[in-house]
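So you can see what is in the structure, the chains are spelled out below.
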Amino acid sequence: MEVKFAKIEAKSPAYFIAMAVLALLALAGVYSTYQMHVHGLYLSGMTNRVPWGVQISMAIFYIGLSAGSLVVSGLYGIFGKLEYKPFARIAAYLAMLFLIAGLLSILTDQGRVDRVFVKPFTYFNLSSMFSINPSLYSGHIMICIIYLWALFREKGRLTKIASLTVCLWAIGTHTGTGAIFAFVPRELYNSSLLPPSFVAAALSSGAALMILVMVALFRLTKRYLDPSLVIWLGRRLLAVFLLCALYVMLIENAHRYYLAESHEAGYYFLFGGFHSFLFWIGLIFVGSVVPAVLLFIRRTGESIPWLVFSASLVVIGVLCERFLIVVPGLTHAPDLFPGMEVTGTVVPEGIVTYSISFMEMLQALGVFGVIGFLFLAGLKYMPLAPTKALANNAVSAVTESELRPSASVA
Amino acid sequence: MDRRKFLKSTGLVISATSTALQLPVSSCQMASSGMDRKRKLSENKWGMLIDLNRCSPGCTECLTACRRENNVAFHGDERWDVHWLRKVNLKDHQTGNKKDVLLLCNHCENPPCAQVCPVQATYKREDGIVIVDHHRCIGCRYCMIACPYNARFFNFKENPDWPNKDYPKRSHGVVESCNFCAHRVDQGMKPACVEACEKSGNGAILFGNLNDRDSDISRKIAATPVKRIREDLGTEPKVYYIGL
């Protein structure tokens, strides 16, 4: 079956409004980053006790999202599943954009943005995960570009090699990202299960986002998408990734809670404040259990609106999870004096809180604006989106006009 | 290819490889002899011993001296104030005993902050002092995440005060922490806090060379029961406490 790709027309007012809004968001991000660069990071909600916040959480969220896109793209690239060829280009393009978003989030969070482009290369530190990861990220983006090029030129062999490389590389990228946290001596960070748990959540959020993007794209451009493709992505791919992520996370928390030495930290994580609400309601209930059940039940699992709903819940859950990786580990202080209580101090020594500032929020929205803009522009200027996506090669004989409109995306 | 040719070529490859490997091996040896020379140059390993029994509760001489000497930023907001040295009041859960503990960078032998710094801006000098190069720091704050002692601080704001013009102040956007007053130590002086504590008459802080067995600090550490904070972490701090 010949899969045809075409640029989107992009002449509707909705397209231009979306582009304008995204550009405004990007400008707002530039403004807040400039302000922080000139006046200092006190404009963010971060403090000396919580030196990482929203931007780092968003960075690892975006980096995670790229994994799932690559796997969806790899269905065609590696496994040669022809029915997923329509998704391959857009998934690869999205994977690249997410990596860029991750890097932008990290970049804008630095105290001295002006030094970031030189010092990490001239004083590379092999023992630092923060040194190793940018190399992984930039390699990732480069391979994505090669892969995309191979897809555009329909280079069968190169596509396969690039797809395989980028998927393997992605495992490295995500393990490395998890290791940023796992390899430091902090009670809620230091866990060898964090990198695999990061990979699992990355895959599930990425697959979920692909479902959302594909359904939205086909619907808005009024192109035909075979529901069975989305159902397979949801009930097979997403469901498996989701359960894996849930499993690793449960083990990690149970282990921490069980052992006497980390029980207090485990208790704090599970029942210690607002973040616990995010964990139980946001991540476990809304982000994992509900979508898992919805995907499992045949009636909801095979309906496109329910699938879209479940996928949205998974993305929200993983967003919570990313925040939960970064912030509670910092608000929970290392216990410097076991058996003793700190009664007076000049810096907050015990458990502290973190609240997001408006400027910080603008930064995060700015990064979203940049990649959203690039995504929409990409659709207009590159043949990324397929004209239609069919599950069965035989159906290709049927012309589009013969397909009942009700059979298209519900 | 017959067997003889195969053996011949294999032999050639092996000998060529081993010759090639010889070069880096010998250059490694040269490098390590250079390292030895360097090591001899700095025979010091600076450490600190704080006697909590001699530290008087209301006294803040060391804190003031440190802040003045090193131009440490104080904005009056606990979220952003920088403290190279700080005092915390502790209460024992069981006995109810209260004590004041002076906290500073522990100048770990295995400093996690230096391990994670992506630009090697934080590093351990050969004399054991853990120091930040403020011209190289990119302000990623990973060292603050990695430090298990909360001893590192970020310049969230520009510091308006500059009391000691002989020592630079830091721009906003970089991380800093106690460096045992390296600039003074290099000139044969004691860190500002130690001097201030001596002047106050308490003499609670002892600074010296841990490599020298006859130094005051080494002898006192050998003779008195001392503790370091969270020794279980394997960071090997070089700040010791009596009465912790």
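Look up a bit, the structure's there.
Computed from a predicted model, the values in this text were never measured in an experiment. (Residues numbered from 1 in each chain as written. Chains lettered and ligands numbered in written order. Predicted model: local features only at pLDDT ≥ 70, side-chain atom pairs only at ≥ 80, totals over all residues. Heavy atoms only, no water.)

### Quick word on the overall build of chain B
Scanning chain B from terminus to terminus reveals seven helices and nine strands. When the 244 residues of chain B are sorted by exposure, 50% land in the buried category. Across chain B, contacts joining residues at least 24 apart in sequence account for 60% of those joining residues at least 6 apart. Total accessible area on chain B stands at roughly 12,400 Å², and carbon and sulfur atoms take up 53% of it. (Helix = DSSP H or I, 4+ residues; strand = E, 2+ residues; numbered from the N terminus. Buried < 20%, exposed > 50% of the residue type's maximum accessible area, 1.4 Å probe, protein only. Contact = heavy atoms within 4.5 Å. Areas by Shrake-Rupley, 256 points an atom, 1.4 Å probe, with all protein chains shown as cover.)

### Structural notes on the interface of chain A and chain B
On the chain B side, the residues contacting the 53 residues of chain A number 51 residues. Between chain A and chain B, roughly 4,600 Å² of surface is buried when both sides are summed, and carbon and sulfur atoms account for 58% of that area. One can count one salt bridge joining chain A with chain B. D109 of chain A serves as the salt-bridge partner of R141 of chain B, at 2.7 Å between the closest nitrogen and oxygen. At the junction of chain A with chain B, the criterion picks out 32 residue pairs in polar contact (both at pLDDT 80 or more). Looking at the side of chain A that touches chain B, the elements with two or more residues in it are α1 (13-39), α4 (119-122), α5 (129-152), α6 (156-182) and β3 (340-344) of chain A. Broken down by element, the side of chain A that touches chain B gets its largest block of residues, five residues, from β3 of chain A. Among the residues forming the side of chain A that touches chain B, the class breakdown is 29 nonpolar, 15 polar and nine charged. (Buried area = accessible area lost by both parts, 1.4 Å probe. Salt bridge = Lys/Arg side-chain N within 4 Å of Asp/Glu carboxyl O. Polar contact = N/O pair within 3.5 Å; in protein donor to acceptor, adjacent residues only side chain to side chain. Nonpolar A, V, L, I, M, F, W, Y, C, P; charged D, E, K, R; others polar.)

### Brief notes about empty space enclosed by the protein
Residues and elements named next belong to chain A. Counted under the stated rule, the structure contains 10 cavities of 30 Å³ or more. For the lining of the largest cavity, the secondary-structure elements that each account for two or more residues are α7 (194-220), α8 (227-258), α10 (274-296) and α12 (304-326). Here the lining of the largest cavity takes four residues from α8, the largest share from any one element. Of the residues in the lining of the largest cavity, the class split is nine nonpolar, three polar and three charged. (1 Å grid on protein atoms, 1.4 Å probe; cavity = no way out; pocket = protein on both sides within 12 Å on 5 of 7 lines; lining within 4 Å. Points joined across faces, edges and corners; volume = space filled by probe spheres on them.)

### Comments concerning unusual backbone geometry
Residue and element names in this part refer to chain B. For R141, which is not glycine, the phi torsion reads 70° and is therefore positive. Along the chain, R141 turns up in the loop between β5 (130-132) and α4 (142-146). Positive phi outside glycine occurs at F180, with the angle close to 55°. Summarising the element assignment, F180 is placed in the loop between β7 (175-176) and α5 (182-185).

### Observations regarding the nonpolar core
Ranked by size, the top nonpolar core spans 151 residues in total, and within it W52, F87 and F181 of chain A together with Y142 of chain B carry the most contacts. Here the element with the most residues in this core is α7 of chain A; it accounts for 17 residues. Sequence-distant contacts of F87 of chain A, defined by excluding residues within four places in its chain, comprise V72, M210, M214, F218, L225, L229, L233 and A389 of chain A. Membership of the second largest hydrophobic core comes to 46 residues, among which are L52, L103, A151 and L244 of chain B. (Core = buried A, V, L, I, M, F, W, Y, C linked by side-chain atoms within 4.5 Å.)

### Describing the packing of helix α2 (residues 54-77) of chain A against α7 of chain A
Residues and elements named next belong to chain A. Following both chains from N to C, one finds α2 and α7 inclined at 65°, their axes separated by 6 Å at the closest point. If you check the angle between α2 and α7, you find them roughly perpendicular. Handedness of the crossing formed by α2 with α7: right-handed. Of the residues in α7, those in contact with I60, G64, L65, A67, G68, S69, V71 and V72 of α2 are F198, A202, L203, S205, G206, A207, L209 and M210. A breakdown of the residues in the contact of α2 with α7 according to their chemical character gives 11 nonpolar, five polar and no charged. (Axes fitted to C-alpha atoms, helices over the stretch in contact; angles between N-to-C directions. Parallel < 35°, antiparallel > 145°, perpendicular 65-115°, else oblique. Left-handed = near helix turned anticlockwise from the far one by under 90°.)

### Quick notes on a nonpolar patch on the surface
Residues and elements named next belong to chain A. Judged by side-chain polarity, Y267, F271, F274, F277, W280 and I281 come together as a nonpolar surface patch covering roughly 650 Å² of accessible area. Here the nonpolar patch gets four residues from one element, more than from any other, and that element is α10. Locating W280 in the fold gives a position in helix α10. Look at W280 and you get partly exposed, because its relative accessible area is 38%. (Patch = residues over 30% accessible without salt bridge, like charges linked within 9 Å, V, L, I, M, F, W, Y side chains within 5 Å.)

### With respect to the state of the cysteines
A full pass over the atoms with the stated rule returns zero disulfides over all chains. No disulfide involves C244 of chain A; its sulfur sits 16 Å from that of C167 of chain A, the nearest cysteine. (Disulfide = S-S within 2.5 Å.)

### Focus on α8 of chain A
Compared with the 46 Å implied by 1.5 Å per residue over 32 residues, the 45 Å span of α8 of chain A between its first and last C-alpha is a close match. Here α8 of chain A starts with a cap whose side-chain oxygen sits 3.0 Å from the backbone nitrogen of S228 of chain A, and that cap is D226 of chain A. (Expected span 1.5 Å × (residues − 1).)

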